[in-house]
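Topology and contacts: notes
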Amino acid sequence: MTDIEPISVEVAYALPQKQKLIELLVKPGTTALQAAEQSGIKSHFPELDLTNASMGIFGQTLGVKGLAPPQSYELHAGERVEIYRPLISDPKEVRKRVAARQKAEQEALKASAAQVPSSKLES
């Protein structure tokens, strides 16, 4: 009978005012979602929905770009499961709003400069 050596992994979650990094030993073949559940991170963040949370390994989001989703990604020794908070706003939409506001401000400046009488500009 052979004993399976557990592997060491970490589970991390952070809010602006609070963060937690938990190291734990898991069986080889443990998925990212299973490790997050086994870590007990929900006891520190009861509002956390692990089933629907976006997760990654060292900044690489699981379930995209060819990586398996959290429920099937099998961890390797030394990996850190990062649980990501949902975005409050879409960064693309924020950039669009900023660009539109800046354009409107520039057009307003041009319009107000065009309304200044030439006699005022010469003095």
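Everything discussed here concerns the structure shown above.
In what follows, the accompanying structure is described. (Residues numbered from 1 in each chain as written. Predicted model: local features only at pLDDT ≥ 70, side-chain atom pairs only at ≥ 80, totals over all residues. Heavy atoms only, no water.)

Take the environment of Leu50 next. Position of Leu50 relative to the elements: it lies in the loop between α1 (32-39) and β3 (54-57). Since its relative accessible area comes to 7%, Leu50 is described here as buried. Note: C-alpha distance between Leu50 and Leu33 (17 residues apart in sequence) is 7.2 Å. (Helix = DSSP H or I, 4+ residues; strand = E, 2+ residues; numbered from the N terminus. Buried < 20%, exposed > 50% of the residue type's maximum accessible area, 1.4 Å probe, protein only.)

Looking now at the environment of Tyr84. Note on placement: Tyr84 falls in strand β5 (residues 80-84). Sequence separation between Tyr84 and Thr61 is 23 residues, and the spatial gap between their C-alpha atoms is 8.9 Å. When residues no more than four places from it in sequence are discounted, the contact partners of Tyr84 are Tyr13, Ser54, Met55, Gly56, Ile57, Gly59, Gln60 and Thr61. Side chain to side chain, Tyr84 and Glu82 meet in a polar contact 2.8 Å long. (Contact = heavy atoms within 4.5 Å. Polar contact = N/O pair within 3.5 Å; in protein donor to acceptor, adjacent residues only side chain to side chain.)

So, about the nonpolar core. Formed by 23 residues in total, the largest nonpolar core has its most connected members in Val11, Ile41, Leu50, Met55, Leu75 and Ile83. Residue assignment for this core shows that the elements contributing at least two residues are β1 (7-14), β2 (19-26), α1, β3 and β5. Residues within four places of Ile83 in sequence aside, it is in contact with Val11, Ala12, Tyr13, Ala36, Ile41, Leu48, Leu50, Ala53, Ser54 and Met55. (Core = buried A, V, L, I, M, F, W, Y, C linked by side-chain atoms within 4.5 Å.)

Here the focus is the packing of aromatic side chains. One pass over the structure, following the stated rule, counts 1 aromatic pair. Ring centres 4.8 Å apart and planes at 80 degrees place the aromatic pair Tyr13 and Phe45 in the edge-to-face group. Here Phe45 lies in the loop between α1 and β3 and Tyr13 lies in strand β1, a separation of 32 residues in the sequence. What makes Phe45 buried here is its relative accessible area of 1%. Seen from the ring of Phe45, Lys18 lies directly overhead, with NZ or CZ sitting 4.9 Å from the centre. (Phe/Tyr/Trp six-rings, centres within 6.5 Å; stacked < 30°, edge-to-face > 60°. Lys NZ or Arg CZ within 6 Å of the ring centre and 35° of its normal.)

Moving on, we come to the pattern of salt bridges. Taken as a whole, this structure holds 2 salt bridges when the rule is applied. For Arg80, the salt bridge goes to Glu82, with nearest N and O atoms at 2.7 Å. For Glu82, a relative accessible area of 12% puts it in the buried group. One salt bridge in this structure joins Glu105 and Arg101, with 3.9 Å as the shortest N-O distance. Here the residue Glu105 and the residue Arg101 both occupy positions in helix α2 (residues 91-115), the gap between them amounting to 4 residues, near one helical turn. (Salt bridge = Lys/Arg side-chain N within 4 Å of Asp/Glu carboxyl O.)

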